[in-house]
Amino acid sequence: MSAASPSKFLATFWGTRGSISTPGSSTEKYGGNTPCVSVQHRDSRIILDAGTGIRPLGLEVGPELRAKAPSPQHILLSHTHWDHIQGLPFFEPAYIPGAELIIYGSPQKESFLEAILRGQMDINYFPVEMKELAASVTIREVGDQVISIGDVQIEIQEQVCHPGGSVRFRLEAEGKRIVYATDVELNAIFEPPEPSASMDRLATEYREFISGVDLLIADGQFTTEEYETRKGWGHTSIPLLLRVASEQGVKQLAVFHHDPERSDMLIDALWHEHAPEYRRGPSPMNVFWAREGMTVEI
Ligand SMILES: [Zn+2]
Ligand SMILES: [Zn+2]
């Protein structure tokens, strides 16, 4: 990866697919790896989720980490569903002596984050156990709070409407802000079947969290029609996401966590159907469908 120019965020998509990886010729444009986004700011690299996309990221940064005193790799997990952690055992820096992985996740789960991550490397599932990794691994459970990595302040907020829960992150440095908010069913919050004070509160929290951000990376897994038969699955319909993001003055919106059934051709069709109306007007929003390998400079 090229070095970040001073004071810029460089957000790179390594995995954009939701639920399960989808290799094959019909997904090669937008990619088949499950969620992983790296955000570089000065010398700090912050990794959002450890889906299968973290493997190519590790292969890219591994040689650099081997060549010099390795800097800590900060990995923020939105939650521990398979599609967000499954790449972790294949992350090259985990096998570099002297490297350091610092993994952050929510404490509000039924078992400890460390037990969950160690569990997926149990000998029954994977040949190398976590304790055998060459890198040092630190696991930090973090609640609704602000953490600092380099010059980046990161705010964390629980997202309720996803089976088992998830968290979203807002990264801020030098006045620029990126929000990563995947795996949340915004339809349950913004269009509840009946009026609900708790949903109103969640809607306000979400609006405030994304308000005016430079880049929002957000769950847009379903079309309106698909959502009708997938209520309670914990994902959002595209038109609702676009409407709320636009109302909150989001500058760029990366629709993310693509449905595994979605071919490149269908994603292109969704862009043509939805993007133009949001790219016009007095405060245009640049809407795009996140594509593996793409880097956005903020
Ligand atoms: Zn997911
Ligand atoms: Zn999930």
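Predicted model, so just to flag it, every value in this text is computed and none were measured.

A.B. asks: Describe the overall build of the protein, with residues and values.
C.D. replies: A count of helices and strands for the protein gives eight helices and 14 strands. Against the compact-globule benchmark of 19 Å for 298 residues, the protein has a radius of gyration of 18 Å, which places it among compact chains. C-alpha extents for the protein along the principal axes are approximately 50 × 40 × 40 Å. Residues counted as buried form 55% of the 298 residues belonging to the protein. Taking the intrachain contacts of the protein between residues at least 6 apart in sequence as the baseline, contacts between residues at least 24 apart amount to 69%. Here the protein displays about 12800 Å² of accessible surface, and carbon together with sulfur accounts for 51% of that area. With 26 positive and 41 negative side-chain charges, the protein shows a separation of 5 Å between the mean positions of the two kinds.

A.B. asks: Could you give me a rundown of the coordination of the zinc ion (ligand 1), with the residues and numbers involved?
C.D. replies: Metal coordination angles have textbook ideals: 109.5 degrees for a tetrahedral set of four donors and 90 or 180 degrees for an octahedral set of six. For the zinc ion (ligand 1), the full set of protein donor atoms is Asp83 (OD), His84 (NE2), Asp183 (OD) and His257 (NE2), at a range of 2.1 to 2.3 Å. Classification of the site at the zinc ion (ligand 1) rests on its four donor atoms, whose angles at the metal span 93 to 165°, yielding the label irregular.

A.B. asks: Before we move on, could you go through helix H5 (residues 197–210) and cite the residues and values that matter?
C.D. replies: Between its first and last C-alpha atoms H5 spans 20 Å; for 14 residues at 1.5 Å apiece the expected length is 20 Å, and the two agree. Residues of H5 that are buried in the fold lie against strand S8 (152–159), strand S9 (166–173), strand S10 (176–181), helix H4 (186–190), strand S11 (215–219) and helix H7 (238–247). Backbone geometry just downstream of H5 places Gly212 in the positive-phi region, at approximately 70°.

A.B. asks: Tell me about the coordination of the zinc ion (ligand 2), and name the residues and values.
C.D. replies: His79 (NE2), His81 (ND1), His162 (NE2) and Asp183 (OD) make up the full set of protein donors to the zinc ion (ligand 2), lying at 2.1 to 2.5 Å. Here the zinc ion (ligand 2) is ringed by four donor atoms whose angles at the metal span 89 to 172°, and the overall shape comes out irregular. For the pair the zinc ion (ligand 2) and the zinc ion (ligand 1), the metal-to-metal distance amounts to 3.6 Å, and Asp183 bridges them. Of the two residues, His79 is situated in the loop between strand S4 (73–76) and helix H2 (82–85) and His162 in the loop between S8 and S9; the sequence distance between them amounts to 83 residues. On the basis of relative accessible area, His79 is assigned to the buried category, the value being 3%. On the accessibility criterion, His162 (5% relative accessible area) is buried.

A.B. asks: Report on the pairing of strand S2 (residues 36–41), specifying residues and quantitative values.
C.D. replies: Among the six residues of S2, six are classified as buried, and the element is accordingly described as predominantly covered. The alternating pattern of S2 places Cys36, Ser38 and Gln40 on one face and Val37, Val39 and His41 on the opposite face, and all of these are buried. Alignment of strand S1 (residues 9–15) against S2, held across six bridges, turns out to be antiparallel. Within S2, the residue paired with Thr12 across the bridge is Ser38. As defined by bridge partners, S2 adjoins strand S3 (residues 44–48) across five bridges and the pair is classed as antiparallel.

Criteria and thresholds
- Residues numbered from 1 in each chain as written.
- Chains lettered and ligands numbered in written order.
- Predicted model: local features only at pLDDT ≥ 70, side-chain atom pairs only at ≥ 80, totals over all residues.
- Heavy atoms only, no water.
- Helix = DSSP H or I, 4+ residues; strand = E, 2+ residues; numbered from the N terminus.
- Rg over C-alpha atoms; globule rule 2.2 N^0.38 Å.
- Buried < 20%, exposed > 50% of the residue type's maximum accessible area, 1.4 Å probe, protein only.
- Contact = heavy atoms within 4.5 Å.
- Areas by Shrake-Rupley, 256 points an atom, 1.4 Å probe, with all protein chains shown as cover.
- Lys, Arg positive; Asp, Glu negative; His and termini not counted.
- Charge placed at Lys NZ, Arg CZ, Asp CG, Glu CD.
- Donors = N, O, S within 2.8 Å, 3.2 Å for Na, K, Ca; no water.
- Tetrahedral: all angles 85-135°; square planar, octahedral: opposite > 155°, others 65-115°.
- Expected span 1.5 Å × (residues − 1).
- Pairing = 2+ DSSP bridges.

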